[in-house]
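Chain and residue survey
Residues per chain are reported as follows:
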Amino acid sequence: MERKNKISLTLVALAAAIILLTFMTRWIYQDLKSGHLEFGADQQIDITPQQILLIKEIGDWEFLSISDEEMVDTIRRGIFSDDQLVRIYYGTLRLGVNLKQVEPGWITAKGDTIEVTLPKIGLLDHDFIDEARTRSFHESGKWTAQDREAMLRRAYQRMLRRGVTPQNLQLAEQNGNTQVRQVLQGMGFKQISVKYKD
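An account of the accompanying structure is given in this report. (Residues numbered from 1 in each chain as written. Predicted model: local features only at pLDDT ≥ 70, side-chain atom pairs only at ≥ 80, totals over all residues. Heavy atoms only, no water.)

A short note on a negative patch on the surface
A contiguous patch of negative charge on the surface is contributed by Asp 60, Asp 125, Asp 127, Asp 130 and Glu 131. Mapped onto the elements of the fold, Asp 127 is located in the loop between strand S5 (122-123) and strand S6 (135-140). (Patch = residues over 30% accessible without salt bridge, like charges linked within 9 Å, V, L, I, M, F, W, Y side chains within 5 Å. Areas by Shrake-Rupley, 256 points an atom, 1.4 Å probe, with all protein chains shown as cover. Salt bridge = Lys/Arg side-chain N within 4 Å of Asp/Glu carboxyl O. Lys, Arg positive; Asp, Glu negative; His and termini not counted. Charge placed at Lys NZ, Arg CZ, Asp CG, Glu CD. Helix = DSSP H or I, 4+ residues; strand = E, 2+ residues; numbered from the N terminus.)

Some details on the sheet that holds strand S4 (residues 113-118)
Read across the open sheet, the 3 strands follow the order S3-S4-S7; overall the sheet is mixed. Whereas interior strands pair on both sides, the edge strands pair on one side only; in this sheet they are strand S3 (107-110) and strand S7 (191-196). Pairs of neighbouring strands in the sheet enclose a mean axial angle of 10°, with direction left out of account. Two strands pair when backbone bridges link them, and S3 and S4 are joined in this way by 4 bridges, in the antiparallel orientation. Counterpart to Thr 108 in the pairing with S4 is Glu 115. (Pairing = 2+ DSSP bridges. Axes fitted to C-alpha atoms, helices over the stretch in contact; angles between N-to-C directions.)

Things to note about the pattern of salt bridges
Following the criterion strictly, the structure yields 5 salt bridges and no others. Taking the shortest distance from any N to any O, the salt bridge between Arg 162 and Asp 68 comes out at 3.7 Å. One end of the pair, Arg 162, is in helix H3 (residues 145-163); the other, Asp 68, is in strand S1 (residues 60-76), and 94 residues separate them in sequence. Looking at Arg 162, the relative accessible area reads 53%, which means it is exposed. The class for Asp 68 is buried, based on a relative accessible area of 10%. The partner of Arg 153 in a salt bridge is Glu 149, with the nearest N and O atoms 4.0 Å apart. Highlighted residues: Arg 153 and Glu 149, both in helix H3, separated by 4 residues, approximately one helical turn. Assessed through its relative accessible area of 38%, Glu 149 is described here as partly exposed. (Buried < 20%, exposed > 50% of the residue type's maximum accessible area, 1.4 Å probe, protein only.)

So, helix H4 (residues 166-186)
When the terminal C-alpha atoms of H4 are compared, their 30 Å separation across 21 residues agrees well with the 30 Å that a helix rising 1.5 Å per residue should span. Taken residue by residue, H4 has Asn 168, Ala 172, Gly 176, Asn 177, Val 180 and Leu 184 as its buried positions. Two residues or fewer after H4 comes Gly 188, characterised by a positive phi angle close to 105°. (Expected span 1.5 Å × (residues − 1).)

Quick look at H3
With 19 residues, H3 ought to run about 27 Å at 1.5 Å a step, and its terminal C-alpha atoms sit 26 Å apart, in line with that. For H3, the set of buried residues is Met 151, Leu 152, Ala 155, Met 159 and Gly 163. Within H3, the buried residues cover an arc of 105° as seen down the axis, which keeps them to one side. Residues of H3 that are exposed and angled more than 90 degrees away from the buried face: Gln 146 and Arg 161. Contacts from the buried residues of H3 go to S1, strand S2 (83-98) and H4. (Arc of directions from axis to C-beta. Contact = heavy atoms within 4.5 Å.)

Some details on the nonpolar core
Judged by nonpolar contacts, the single largest core of 33 residues is most densely connected at Tyr 89, Val 97 and Leu 118. Beyond its immediate stretch of four places on either side in the chain, Val 97 contacts Gly 59, Asp 60, Trp 61, Phe 63, Leu 118, Pro 119, Lys 120, Ile 121, Leu 124 and Tyr 196. (Core = buried A, V, L, I, M, F, W, Y, C linked by side-chain atoms within 4.5 Å.)

Structure representation (C-alpha cells):
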C-alpha cells in the first residue's frame, strides 16, 4: 500500500511538472511571437573606483626619454698662463605626466566610451644630470666648488633647451595617447578620448 502511495505521488508530481512546463513553453513562445521577450547582453562597461586608483598609482607616467651629453668649458685668463676646465655632463630628461596631479572627474565612462583628461605633459624629474658620470675632459689650474657648480648649471640649462622643445613635447603627447589607449582598450573600451590640461 505504501509503495502504491509513493508511485501515485510521483506520478502526480510528474504530471504537475509536465503541465507547468507546457504552460511556461506556451508563455515564452507567445512572448517571443509578440516581441515582448528579448535577449541581449549589457554593452555597458563601467570603470570601477579600484581601476581608477590603479591607474593613478602609476604616478609618473613617462612618454618620452631624451638622453643628452653636454661639454661645458670655462677659461680663466692669467698673467702668465690661462686656466681651463672642460667637463662632460650626461643626463636623461623624461617627459610625461604625473597622475597624482589629476583633477576630480579626470576620467569618465559612458557605455563603451571613455574620456580622460591628463595633467599637462612636462619634465618628470628636474634632477636629470647624472653627476656620477660627469668627468673632467681637460683641467689646468685650480678650480673651486663654486666654479664647478656654475658649470653644472650651464650644462643643466643647455640640456633643458635641447630636451624640452615643442617637437619633443608633441612627440611625448603622441606616445602618451598610444599608451593610454592601449591600457584602456585592455579594459574593454572602444571609443577613447585623451586630452591634456593646458
